[in-house]
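What the coordinates show
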Amino acid sequence: MFENLQPHIADLRKRLMISSATLVVAFFACFSFYEPILNWMMIPVEAVLPQGSHMVAIEVQETFFTALKVAFFSGFLVSLPVIFWQLWLFIAPGLYDHEKKYVIPFVLSATLMFLIGASFAYYVVVPFGFSFLINFGSTVVTVLPSIGKYVSFFTKLLFGFGIAFEMPVITFFLAVIGLVNEKTLIGFFKYAIVMIFILAALLTPPDVLTQFLMAGPLILLYGVSIIIAKIFNPASNEEEDEEDEEEDD
């Protein structure tokens, strides 16, 4: 049994090495100009800071480690196409020939959906969320956000939204190989709603508005996933053909 797994383990190691090497190269490239990237990251919070407030570093090493976080997250975004490509190459041997042709659509759509999710977090959720957190109690205390903690929370939020927006892509893949169909997703809908709101509560600031800003698009994407499963699941298409034939008879 172990001997049968060895080729898969060797292939997984190869895919991980290529992805890691790409990430390392992208990391060092982004680290060389982390300052403009960091300035871009700080735009949403600086726009809502009270007058006279500014970002601070509360520890001696905080600025350096923040630069590492910025470079790693930026390098990860740059490496996304390669990471998704290697992921597809790893699972491709278990697919049929007609399923393997989806490699380019998978890589492009997975990368695009992650970037759309991260962009939605940057342009919509972060401004609303940090506006609430910073302005709450600002008449009592002066807000001086820590740059390290802000970047950690910022990258967590963008990564969470990026992963969450992969839902249609994952559904497409599972539908193509016949693991899910629209009936399965429709039956799971009420449980999915609960899970979406739990996820939104965990990933967003503790106010209702930003939680809905995440839950709303995810519910919409779940609806899109149902349509995708109906279109691309082979069993669904066969059932439709059989129904059409019965109607013709």
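Just above sits the structure.
In this report, we go over the structure that sits alongside the text. All values derive from a computational prediction rather than experimental measurement. (Residues numbered from 1 in each chain as written. Predicted model: local features only at pLDDT ≥ 70, side-chain atom pairs only at ≥ 80, totals over all residues. Heavy atoms only, no water.)

**What to know about the overall build of the protein chain**
A count of helices and strands for the protein chain gives 11 helices and 0 strands. Listing each helix as α and each strand as β along the protein chain from the N terminus yields α-α-α-α-α-α-α-α-α-α-α. A total of 249 residues make up the protein chain; the buried ones form 40% of that total. As presented, the protein chain carries roughly 14,500 Å² of accessible surface, and 70% of it is formed by carbon and sulfur atoms. (Helix = DSSP H or I, 4+ residues; strand = E, 2+ residues; numbered from the N terminus. Buried < 20%, exposed > 50% of the residue type's maximum accessible area, 1.4 Å probe, protein only. Areas by Shrake-Rupley, 256 points an atom, 1.4 Å probe, with all protein chains shown as cover.)

**A closer look at the environment of Ala118**
As for its placement among the helices and strands, Ala118 is situated in helix H5 (residues 103–135). Judged by relative accessible area, Ala118 falls into the buried class, the value being 7%. The spatial distance from the C-alpha of Ala118 to the C-alpha of Gly160 is 8.0 Å, given a sequence separation of 42 residues. Discounting chain neighbours no more than four positions away, the residues touching Ala118 are Leu158, Phe161 and Gly162. (Contact = heavy atoms within 4.5 Å.)

**Overview of the side chain of Glu62**
Structurally, the position occupied by Glu62 is in helix H3 (residues 62–91). The charged side chain of Glu62 is buried without a salt bridge, its nearest counter-charge being Lys69 at 7.0 Å. A distance of 2.8 Å separates the side chain of Glu62 from the backbone nitrogen of Ile58, its partner in a polar contact. With residues near it in sequence (within four places) discarded, Glu62 still touches Val56, Ala57, Ser146, Ile147, Gly148 and Lys149. (Lys, Arg positive; Asp, Glu negative; His and termini not counted. Salt bridge = Lys/Arg side-chain N within 4 Å of Asp/Glu carboxyl O. Polar contact = N/O pair within 3.5 Å; in protein donor to acceptor, adjacent residues only side chain to side chain.)

**Thoughts on the pattern of salt bridges**
Inspection of every chain in the model, using the stated rule, returns 1 salt bridge. In this structure, Arg15 and Asp11 form a salt bridge, with 3.2 Å as the shortest nitrogen-oxygen distance. Of this pair, Arg15 and Asp11 both sit in helix H1 (residues 2–31), 4 residues apart, which is roughly one turn of that helix. Each member of the pair Arg15 and Asp11 is classed as buried.

**A closer look at the packing of aromatic side chains**
Per the stated rule, a full pass over the model turns up 21 aromatic pairs. Consider the rings of Phe64 and Phe65, whose centres lie 5.6 Å apart with planes at 70°: the pair is edge-to-face. According to the relative accessible area criterion, Phe64 is partly exposed, its value standing at 47%. Measuring from centroid to centroid gives 5.0 Å for Trp88 and Phe106, while their planes differ by 40°, and the two rings are tilted. Remark: Phe106 occurs in helix H5 and Trp88 occurs in helix H3; sequence separation between them is 18 residues. An identical accessibility class is assigned to Trp88 and Phe106; each is buried. Following the ring pairs from residue to residue traces out a cluster consisting of Trp40, Tyr122, Tyr123, Tyr150 and Phe154. (Phe/Tyr/Trp six-rings, centres within 6.5 Å; stacked < 30°, edge-to-face > 60°.)

It is worth stressing that arrangement in space is one thing and function is another; only the former is reported here.
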